[in-house]
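Okay, here's what each chain looks like letter by letter:
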Amino acid sequence: MRLSEALQVIGQAEGDAQRTVHLVCGFSPLHVETFLKAYLIQRSSGVRVNVATGLYGDLEGNLQRARETGGDGAIAVVEWSDLDSRLGLRASAGWRAETLNDILVQVDERRERLKDGLARLAAVMPVAVAGPALALPPLSILPPTQSGDFELHLNVAVTMLLQQVAQYPAITVLSSGSLSLLSPAESRHDVKMELHAGFPYTLKHAEVLAHQSVQCLFPLPPKKGLITDLDQTLWKGILGDVGTDAVSWSLEGKSQVHALYQQLLSSLAESGVLVAIASKNDPTLVEEALKRSDLLVEPSKIFPVEASWGPKSEAVSRILKVWNIGADSVVLVDDSPMELAEVGEQFPGLECLRFPSDDPAAVVALLGQIRERFGKKRVLEEDRIRLQSIRNTAERPAEIAGEPTADFLARLGAVMTLEAASSDARAFELVNKTNQFNLNGLRYTDAEWNAISQRPDGFLLTVAYEDRFGPLGRIAVLGGYYTKDTCHVDIWVMSCRAFSRQIEFQSIRQLFAKTGAPEIRFRFKATDRNGPLQSFFASFSHGVELKDGELRLGAEDFDRQCPQLFHKVNDKWMT
Amino acid sequence: MDDVREKLGRCFALAFPKLDPSQYATANAETVKEWDSIAQLTLLNLIAEEFEREIDLEEFEDATSFEALARALQVQ
């Protein structure tokens, strides 16, 4: 993004600023502020965003001021001169040996104070932290090609600071490696600008820093599933031509990039990503090949396996049906541009990535791209059991095809557990990624979520589900508040894995029962994706078209329309 | 010169979005209240982008009016 484009984005922003993000730094914020505002506006769908800045040369004070002011997030940029002003170009205290020793003492003290300041700020809002991006001035007597005690000590101090703050759940640290890819070290420093205006970065570095900071602070929801091809993708070779023993993924077979890809798939599967195979191949041969003991991704982590000679888009369609997720949450990796194009035409939202098997460097870049699509900060229990629950569902197709019968539901042995969700990371994740059964499609920042969980008359609960086919984990979230005689619900989402179990009916029944409210008012908004949620309300609307706004549901009306329910309810919410 | 003024006008539109284009010709740091040192730096960077050339901050330090900027750009 050029500076002129950033200013255009800012100029075209609409509405009143509803979010405040702090840019916490010790230099003049200048172009970092401009680019930051532009990227935040883009991330907020064109709505104005307020970027708050602090005082020049006072990083510690700015951290404190940001905490006292409050906001939706902060981006803290630490430069060498914030650790000791003598490490910047605008200082004139001399570079004598005793000065350098004193700098090291000061840096260690400042590091501790910055760590505390960042931790306190992270207690009230999410924080993205960027470490020093500039080269140190030539202070020590060593030639610049050598690293001596002085420089190494400083590097250790910064590494320790970043490593310590990265332990806090609300702090993310920008990757210096990722920053270097787009902003090489030698083209970051604008010396003249630093001396003239106290702004040390080139326009390019300011732009990259702002962009990556926004990605760190407000990451896009990760994709949910990856569908992979086999020949020349999961392994080198054409299975039908060379046979199961001759396809390879090893250094010896000059096919190590396929080994790396398999390792990545295994790691993704461990973190809860769904992995499936769509391959134009002989199903018997594929089954045999997947039994090879040297595969680096366990076949049990791959489900379903679609091997056939039909169009690849049909295989993808079957996989999406089993996973019960939208195409825009899925990535397809295939070596064939034609197959990718065919699937892309049928599923425009599905991201198609080509596996460039003949170009190792491009494969390594692809692995980075894939990791970026699926990156997450933590792995939850639900991530670990997701594949098994999908497998369980798929393995009883006759009974769950369409809506299950009351007799079947009665025999499920279903247990629903309701629990308060004030500091539940899973609840936050579910609300921000669920599309199909979502009351209004609203997404929340960490700060907004914290505020919601602390509403004085509010409630926020998760619903976990388990039946004789296994646990689904926490699959629904309900949130709202009470006014006199009325319960207001403004958050209601349920994972698509939990459909067809009447969990939505039991959830509302429990809400009526626990609150004693004669009426529940839902803050409803139709979206392109929340058809299943609309179907639920349609069963109570008596043929009246649903409109955005407040939907009212009376207890008596609900009881009349509610089907027979068989769940055992384990109430940990209001006990 | 017209080309310089047209490009400079585009820079002014972004740096001073509240300023009416009819006022560009007479605009200077004293009459435009948003025209502070930060705006001057933004303006010079926009000029660098628009004219695809390096701008020496010190050389343009005193060019704090539309006319002065246009003259400086024309000379170079």
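Moving on to the overall build of chain A. Along its length, chain A carries 23 helices and 18 strands. For 575 residues, the compact-globule estimate of 2.2 N^0.38 gives 25 Å, and the C-alpha radius of gyration of chain A, at 27 Å, lies within 12% of that figure. For chain A, the C-alpha atoms occupy an extent of roughly 85 × 75 × 45 Å along the three principal directions. In chain A, which comprises 575 residues, the proportion classed as buried is 38%. For chain A, long-range pairs separated by at least 24 residues make up 72% of all intrachain contacts whose partners lie at least 6 apart in sequence.

The next thing to look at is the overall build of chain B. Tallying secondary structure elements over chain B gives three helices and zero strands in all. Counted from the first residue to the last, chain B has its helices and strands arranged as α-α-α. Scaling as 2.2 N^0.38, a compact globule of 76 residues should have a C-alpha radius of gyration of about 11 Å, and chain B matches this with 11 Å. The principal-axis extent of the C-alpha atoms belonging to chain B is close to 25 × 25 × 20 Å. Put simply, chain B has 76 residues, and 28% of those count as buried. Long-range contacts, defined here as pairs at least 24 residues apart, represent 58% of the contacts in chain B between residues at least 6 apart.

Attention shifts here to the confidence of the model for chain B. Residue and element names in this part refer to chain B. Summary statistics for chain B give a mean pLDDT of 88 and a share of 97% for residues scoring 70 or more. Of all helices and strands in chain B, the one with the weakest mean pLDDT is helix α3 (residues 66–75) (87), whereas helix α2 (residues 37–51) scores best (91). Interface confidence for the predicted complex, given as ipTM, is 0.85, next to a pTM of 0.75.

All names here are of chain A. Across the sheet, which stays open at both edges, the five strands sit in the order β8-β7-β6-β9-β10 with parallel pairing between neighbours. Each edge of the open sheet carries a strand with a single partner, namely β8 (302–308) and β10 (351–354). Averaged over all pairs of adjacent strands, the angle between their axes in this sheet comes to 20°, without regard to strand direction. With four bridges connecting them, strand β9 (residues 330–334) and β10 associate as parallel partners. Counterpart to D334 in the pairing with β10 is R354. Across the sheet, helix α14 (residues 337–346) touches β9 and β10, and the angle it forms with β10 is around 180°. Here helix α16 (residues 381–394) sits on the sheet and contacts β7 (274–280) and β8; the angle it forms with β8, its principal contact strand, is near 55°.

This part takes up the packing of helix α3 (residues 59–69) of chain A against helix α5 (residues 97–122) of chain A. Residues and elements named next belong to chain A. α5 packs onto α3 with a crossing angle of 15° between their chain directions and a minimal axis gap of 9 Å. Classed by the angle they form, the pair α3 and α5 counts as roughly parallel. Relative to α5, α3 is oriented so that their crossing is left-handed. Listed contacts from α5 to L59, E60, L63, Q64, A66 and R67 of α3 are R113, L114, G117, L118, R120 and L121. Classifying every residue of the contact of α3 with α5 by side-chain character gives six nonpolar, two polar and four charged.

On to the interface of chain B and chain A, then. Taken together, the contacts link nine residues of chain B with 13 residues of chain A. The element that contributes the greatest number of residues to the side of chain B that touches chain A is α2(B), accounting for six residues. Among the residues forming the side of chain B that touches chain A, the class breakdown is six nonpolar, one polar and two charged.

This paragraph deals with the nonpolar core. Residue and element names in this part refer to chain A. Within the largest apolar cluster, 81 residues are counted, with the highest numbers of intra-cluster contacts made by L36, I75, A76, L118, V127, V129 and L209. Setting aside residues up to four positions removed in sequence, V129 forms contacts with A76, V78, L118, L162, V165, I171, V173 and L174. Ranked by size, the runner-up nonpolar core spans 40 residues in total, among them L226, Y261, L265 and V343.

What follows concerns helix α2 (residues 30–43) of chain A. Residues and elements named next belong to chain A. For α2, built from 14 residues, the straight-helix expectation of 20 Å at 1.5 Å per residue is met to within 8% by its first-to-last C-alpha distance of 20 Å. Of all 14 residues in α2, 12 are buried, a share of seventy percent or more. Residues of α2 that are buried: L30, H31, V32, E33, T34, F35, L36, K37, A38, Y39, L40 and I41.

Once that is clear, we can look at the sheet that holds strand β4 (residues 127–130) of chain A. Residues and elements named next belong to chain A. Taken in spatial order, the five strands of this open sheet run β2-β1-β3-β4-β5, and their pairing is parallel. What marks the edges here is a single partner per strand, and that holds for β2 (47–52) and β5 (171–173). Neighbour-to-neighbour, the strand axes of the sheet open up by a mean angle of 25°, direction not taken into account. Both β4 and β5 contribute to a ladder of three bridges, which runs parallel.

All names here are of chain A. Among the five residues of β9, four are classified as buried, and the element is accordingly described as predominantly covered. Where strand β6 (residues 225–228) lies against β9, four bridges are found, and the strand directions are parallel. Within the sheet, the bridge partner assigned to I227 lies in β9 and is L332. Taken together, β9, α14 and β10 form a β-α-β motif whose crossover is right-handed.

What follows deals with the environment of N155(A). Relative to the elements of secondary structure, N155(A) occurs in helix α6 (residues 149–165). With 14 C-beta atoms counted inside 10 Å, the residue N155(A) sits in the partly exposed group.

All names here are of chain A. Axis separation between helix α11 (residues 256–270) and helix α15 (residues 360–374) bottoms out at 10 Å; the angle between their running directions is 5°. One element, α11, and the other, α15, form an angle in the roughly parallel class. Each of V257, L260, Y261, L264 and L268 in α11 lies in contact with α15, whose residues at this interface are P360, V363, L367, I370, R371 and F374. When its residues are assigned to classes, the contact of α11 with α15 shows 10 nonpolar, no polar and one charged.

Looking now at unusual backbone geometry. Here the bond from F303(A) into P304(A) is cis, since omega is -5°, no more than 30 degrees from zero. By the element assignment, P304(A) lies in strand β8. With phi around 55°, N324(A) is a residue other than glycine that occupies positive phi space. Residue position: N324(A) is located in the loop between α13 (312–323) and β9. Taking the C-beta count within 10 Å as the criterion, N324(A) has 16 such neighbours and is therefore assigned partly exposed. In this structure, E52(B) is a non-glycine residue whose phi angle is positive, near 50°. Topologically, E52(B) is positioned in the loop between α2 and α3. Judged by the 7 C-beta atoms lying within 10 Å of it, E52(B) falls in the exposed class.

What counts and what doesn't
Residues numbered from 1 in each chain as written. Chains lettered and ligands numbered in written order. Predicted model: local features only at pLDDT ≥ 70, side-chain atom pairs only at ≥ 80, totals over all residues. Helix = DSSP H or I, 4+ residues; strand = E, 2+ residues; numbered from the N terminus. Rg over C-alpha atoms; globule rule 2.2 N^0.38 Å. Buried ≥ 20, exposed ≤ 12 C-beta atoms within 10 Å, placed from the backbone. Contact = placed C-beta atoms within 7 Å. pLDDT = per-residue confidence, 0-100. Pairing = 2+ DSSP bridges. Axes fitted to C-alpha atoms, helices over the stretch in contact; angles between N-to-C directions. Parallel < 35°, antiparallel > 145°, perpendicular 65-115°, else oblique. Left-handed = near helix turned anticlockwise from the far one by under 90°. Nonpolar A, V, L, I, M, F, W, Y, C, P; charged D, E, K, R; others polar. Core = buried A, V, L, I, M, F, W, Y, C linked by C-beta atoms within 7 Å. Expected span 1.5 Å × (residues − 1). Right-handed = clockwise from strand over helix to strand, strands pointing away.

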